[in-house]
Structures are given as C-alpha cells and as structure tokens.
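Per-entry structural report
Listed below, chain by chain, are the residues.
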Protein chains: 2
Amino acid sequence: MDTPHNCQLCQKQPTSAFHDLSADGLNEISQLKTCVSFKKGQVIIHEGARPQGVYCIHRGKVKLYTLGTEGKEQIIRFITSGDLLGYRSILSDEPISASATALEDTHACYIPKSSFFKVIQDNPKFSLNMLKLSCHELGEAGKMITSLAQKNVKERLAEILLILNSTFGEDEEGYIDINLTREEIANMVGTATESVIRLISELRKEGLIRSKGKRIALENRSSLRQIAAVYE
Amino acid sequence: MDTPHNCQLCQKQPTSAFHDLSADGLNEISQLKTCVSFKKGQVIIHEGARPQGVYCIHRGKVKLYTLGTEGKEQIIRFITSGDLLGYRSILSDEPISASATALEDTHACYIPKSSFFKVIQDNPKFSLNMLKLSCHELGEAGKMITSLAQKNVKERLAEILLILNSTFGEDEEGYIDINLTREEIANMVGTATESVIRLISELRKEGLIRSKGKRIALENRSSLRQIAAVYE
DNA sequence: CAATCAAAATGACTTTTGTCATATATTTGA
DNA sequence: TCAAATATATGACAAAAGTCATTTTGATTG
C-alpha cells in the first residue's frame, strides 16, 4: 500500500463525483479507502471479471477499452486524475465490460464495493453526482457512436486529435501530453494502424499538425475542427 | 391529455426504473405525472433543446437518434414500454443529445423536471435504480462502439437483427414485431441503405432470414450469431 | 554508444463499401 | 380498390479503407 492521497484534491475538482461533498462524506471515504499504484502497462481491471471495488485515479493516465474480434482493442475513453474507474460494472451489477491499463505510472485510491455503496447511501449528493456523471458519459458515448458510424477515418482522426489535446494538454514544446502509439490511436479511431500513419503524414503535409517520433502537436486547430466537422 | 395510465404496470416491470418502488413513491409519481400521446412519426424530443421533463413510455415504440453530418440519423437505441426518455439530458444538465421519434402511436406519462428531481430525492431506491439503468446503458453503448469500430457491415447487420428480434419479439407469422424501413436499419448499422438491402438479400439467399416487404423473420439464429460473432 | 528491438513510414495491391441510375414491388390513403 | 407515393431491389462503377511486404527511423538497454 502507498502513502495515503489527499481526498480534498478530488473534492475540489469540478469534474469529480466527489465534488462539493460534505466534510462528513469526505471523511467517510478517507476512512474506507486504501491507496494503490500501477506501473506503466499494468492491467488495472480486466474485461469479464467481477469487480470488488472502484478506483479513483489520483495521478496518472489510464486507457479504458473493450476487446473486439480477435482480441483487438477498442479504446472507449481515457481516465485521469479525479476520475472513477470500475463503477459502471458495480452499479449495473454486470461483469466488467471494459478493461483498463495504465498508460504511465498511476496512483489511485481503492474503495471496496461495500464501502462504495455505503457512501452512495449515506450521501445523496454523491449519489446524484454519480448519476450526473454516468449520464454525461452516456452523452459522450452517443457522440462517439454517431462519429464512428458516419464520419470517415480522416474526420475521426482529426476529432480524436482535438479531444486528446484538450484532455491531456500540451508539454513545453507544444506536443500533446500523452504517450500513445499509432496503434493505440488507431484503436480509438477504429481503423488500421497504417491508415492512421498515412493520414498523420497527410495532415503533416497539409501543415495542420507536426510530429516528432510518436509525439504530435496541433498546428492549425480550426482547420482540424473543420475536418472533424465538430460544430460546437 | 389522455386517460391516466396505471403506474403499477411499470412498477412490476423488472427493467423499469420504477421497479420495486414503494407504494408511497409510486403514489408520489402518480400525482405529479400527466399523460400524453404521440402519433406515428411525431418527434417527441428534439436534439439541442433544453428538456423540461422526462417521459415514461406506457405503450408504443420510439427511436432515439442523433443527427450526424448532413442531417443523417444515427439510431442509438429503441425505447419501449416501461422505459424512460429524456432523463440523460436533465440529469447531466446538458442540452438534449439525441432526438426521439415515435415509430408507432405511442402513449406516455410526462413527469416535469422538478417533480422528477423530487422523486429522486425522496426515493433513494429510485435514485439507485436510475444509476443502475444509466450504467447498464453505458455498457451497451460501449458494446455498440466496439461493434461499429471493428465489425464489417454484414456482421453488424446480423447483430442488429438479433437485437431487434429479442427486443421486440415476433408477430404471429414469425416476423420481427417492429416496423422499420431499410433506411432506418441502415441508420442503426451505420451504413448505406443499399448495402443493407443487398446484405438482406444475401442473408435471404443463404437461408438465414426470410422477408416479405419490409418485414423480416429470422430463420437460423445460430448462424446469424456466428456471423455477428457475438460470443455471449 | 552501439546493437537490438519496436515503431513509423511507404508502396502495391485487394477488398469492402458507397454512390448513382434505374427497374420493380409494396404501402398508403383518397 | 386503385393510383400515387414510397420503398425495395439490382447493376455498374468509384472511392475508401484494409492487408501485406519492406524500408526507414527512433527508442531502449546492456
């Protein structure tokens, strides 16, 4: 077990389910949680398993993905500081429908199933936050479905690059601050690795992005937005 | 306003959020709801709008869809007896992300936003049911994402036919009991209408389905399952 | 700091899917 | 019930995306 993380950080984060939780509620969670770490590449939860608790990510980045035909990964979304992991399966009382793997060394709080339900029951505010959160995710999933069904690969790639940039921000040199292989990008976009590589070259030639090894920086967001046809 | 519907029907239905609700809770809802009807083809909720309440479908069938590029529909899922409509947007406090249109004459109960929140606050059981429901939907959405990203059109069509059959059942002649055009099926599968028509012909020639006009009946489920590669 | 390994890049080719045109069949509603 | 409208069906072709093979580049580590 690791050194305990400070739950108040999550309480302050507006996107967290613990946002605005009462001191009592926060205290309750602090008592029930334990702290764990995962190395880069380590599997945190495994598709098909029955989960025994939820994780609240304290620091690090995690990919959430399902395994399709022939074990091909489909990345559903990313999970990072303040986000919860594993709650879907526990709340719907179904086997885990998506696996999660750490993209970098990750620290998290673990809250056992029974404790999680206790917190939900004792804190209507938290319960409503969870409801809001899952409804928000549901809307995002709907957008992803429409995008996969109706856009071509280049449009989807442009969209994903914009999402990655706004989710993870940029490093000092302007590159998107996440370490993904072209294959992993392909697994988000829902296409072949070669197609992603080809289209990244194309976008680079068009001057919309630049790249150095696996790292990518956006150079012309508005054109990318136009390609992605994200009118929002 | 229509003749009032009996809420006990929803209470008894295991898939409904009102399942197992206390007599008090049920009574509270009965007081707050009004009853409404929609003609076939009528739009019930409209993408981008701000919803003022939720609908509980009493009888009828509704398609839920987002509008993609050039106004093309992407059907996300169907909503039928006992199901709620419009709650996602209200709970996540975002504009409606999907439109809903009645596929046949539909009767529903309307619960205004404020009443809906009141019921959630007064009935922890209902609140937890809603949470379970949205988490279940989230799992289904994840499956749909993987399917769209990794399966080819024929596999997805086979999958959709199996889903339609189990969701809506069959009429006396064995046809799937829902009235959809080939275009609407294409809008679920995420492909062109012609592709759906061609593949339906193909499946018919292979003896896996039969069809009469727009109606379709499954003849060989296990082969369809194999094509859909649904190992479950 | 090289040697090794893994990932990115690119070309050639195949398959799948989409588009457009047109013929045939089925619904629908007056 | 019959005509008009709508949907299904099919062919020909075009475009998009996937697969396989190979080269080049970048990352890793003893």
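Before going further, it helps to spend a moment on the layout of surface pockets. Taken as a whole, the second largest pocket spans an internal volume of roughly 240 Å³. As for the second largest pocket, its lining consists of Ile-120, Gln-121, Pro-124, Lys-125, Ser-127 and Leu-128 of chain A together with Phe-117, Ile-120, Gln-121, Pro-124, Ser-127 and Leu-128 of chain B. Residue assignment for the lining of the second largest pocket shows that the elements contributing at least two residues are α4 (113-122) and α5 (124-150) of chain A together with α4 (113-122) and α5 (124-150) of chain B. It is α5 of chain A that provides the largest number of residues to the lining of the second largest pocket, a total of 4 residues. Of the residues that constitute the lining of the second largest pocket, the class distribution is 7 nonpolar, 4 polar and 1 charged.

Screw-axis analysis of chain A against chain B gives a translation of 0.0 Å along the axis, an RMSD of 0.1 Å, and a rotation angle of 180°. Here the two chains are linked by the operation of a two-fold rotation axis. Taken together, the interface assignments show that 100% of the residues at the interface of chain A recur at the interface of chain B, consistent with an identical surface on both copies.

Here the focus is the state of the cysteines. Counted under the stated rule, the structure contains 0 disulfides over all chains. No disulfide involves Cys-109 of chain A; its nearest neighbouring cysteine sulfur is the one of Cys-35 of chain A, lying 4.2 Å away. A relative accessible area of 7% places Cys-109 of chain A in the buried class. Cysteine Cys-135 of chain B is unpaired, with the sulfur of Cys-135 of chain A as its nearest cysteine sulfur at 8.8 Å.

Residues and elements named next belong to chain A. Per the counting criterion, the structure on display carries 12 aromatic pairs over all chains. Between Phe-116 and Phe-117 the ring centres are 6.5 Å apart and the planes differ by 65°, which places this aromatic pair in the edge-to-face class. You'll find Phe-116 and Phe-117 in the same group, each marked buried. Through pairs of rings, three or more aromatic residues link up here, namely Phe-18, Phe-116, Phe-117 and Phe-126. The ring of Tyr-65 has Lys-63 lying over it, and the distance from NZ or CZ to the ring centre is 5.4 Å.

Ranked by size, the top nonpolar core spans 53 residues in total, and within it Tyr-87, Leu-91, Phe-116 and Met-130 of chain A together with Tyr-87, Phe-116 and Met-130 of chain B carry the most contacts. Here Leu-91 of chain A is in contact with Phe-116, Phe-117, Ile-120 and Met-130 of chain A together with Leu-128, Leu-131, Lys-132 and Cys-135 of chain B, once residues within four sequence places are set aside.

Let's shift gears to the protein's contact with DNA strand D. Contacts to DNA strand D come from 15 residues, most closely from Asn-152, Thr-191, Ser-195 and Arg-198 of chain A together with Ser-201 of chain B. Backbone atoms, meaning sugar and phosphate, make up 50% of the atoms of DNA strand D lying within 4 Å of the protein. Thr-191 of chain A is positioned such that a nitrogen or oxygen atom in its side chain is 2.3 Å from a phosphate oxygen of DNA strand D. One of the backbone N or O atoms of Arg-182 of chain B is found 2.9 Å from a phosphate oxygen in DNA strand D. When residues of the surface near DNA strand D are traced back to their parent elements, those giving at least two are α8 (193-205) of chain A together with α8 (193-205) of chain B. Per-element accounting of the surface near DNA strand D gives the leading share, 5 residues, to α8 of chain B.

So, about helix α7 (residues 182-189) of chain B. With respect to burial, α7 of chain B is a largely interior element, 7 of its 8 residues being buried. Just past α7 of chain B, the residue Gly-190 of chain B takes up positive phi, approximately 80°.

It is common to give the size of an interface as the accessible area that goes away when the parts come together. All names here are of chain A. Here chain A is partitioned into domain 1 (7-147) and domain 2 (152-228). The gap between the C-alpha centroids of domain 1 and domain 2 is 26 Å. With 11 residues of domain 1 in contact, the opposing surface of domain 2 contributes 12 residues. When the two sides are added together, the surface that domain 1 and domain 2 hide from each other amounts to roughly 1,100 Å², 56% of it contributed by carbon and sulfur. For the domain 1 face of the interface with domain 2, the top three residues by lost area are Lys-61, Phe-78 and Ser-147, together amounting to 43%. Our count for the domain 1 to domain 2 interface comes out at 1 salt bridge. Between Glu-184 and Lys-63 there is a salt bridge, with the nearest N and O atoms lying 2.7 Å from each other. In this structure, the connection of domain 1 to domain 2 is made through 7 residue pairs in polar contact (both at pLDDT 80 or more). At the level of elements, β4 (61-67), β5 (73-80) and α5 are the ones that each hand at least two residues to the side of domain 1 that touches domain 2. For the side of domain 1 that touches domain 2, the element with the most residues is β5, which contributes 5 residues.

Residue and element names in this part refer to chain A. The sheet built from 4 strands is open, its strands ordered β2-β7-β4-β5 with antiparallel pairing. Looking at strand neighbours, the two that pair on one side only are β2 (43-45) and β5, the edges of this open sheet. Across the sheet, the mean angle from the axis of one strand to that of its neighbour is 30°, orientation sign disregarded. With 2 bridges joining them, β2 and strand β7 (residues 99-102) adopt antiparallel strand pairing. Paired with Val-43 across the bridge in β7 is Thr-101.

Criteria and cut-off values
Residues numbered from 1 in each chain as written. Chains lettered and ligands numbered in written order. Predicted model: local features only at pLDDT ≥ 70, side-chain atom pairs only at ≥ 80, totals over all residues. Heavy atoms only, no water. 1 Å grid on protein atoms, 1.4 Å probe; cavity = no way out; pocket = protein on both sides within 12 Å on 5 of 7 lines; lining within 4 Å. Points joined across faces, edges and corners; volume = space filled by probe spheres on them. Helix = DSSP H or I, 4+ residues; strand = E, 2+ residues; numbered from the N terminus. Nonpolar A, V, L, I, M, F, W, Y, C, P; charged D, E, K, R; others polar. Least-squares fit on C-alpha atoms with pLDDT ≥ 70 in both. Contact = heavy atoms within 4.5 Å. Disulfide = S-S within 2.5 Å. Buried < 20%, exposed > 50% of the residue type's maximum accessible area, 1.4 Å probe, protein only. Phe/Tyr/Trp six-rings, centres within 6.5 Å; stacked < 30°, edge-to-face > 60°. Lys NZ or Arg CZ within 6 Å of the ring centre and 35° of its normal. Core = buried A, V, L, I, M, F, W, Y, C linked by side-chain atoms within 4.5 Å. Near = heavy atom within 4 Å. Polar contact = N/O pair within 3.5 Å; in protein donor to acceptor, adjacent residues only side chain to side chain. Domains from an automatic or database assignment. Buried area = accessible area lost by both parts, 1.4 Å probe. Salt bridge = Lys/Arg side-chain N within 4 Å of Asp/Glu carboxyl O. Pairing = 2+ DSSP bridges. Axes fitted to C-alpha atoms, helices over the stretch in contact; angles between N-to-C directions.

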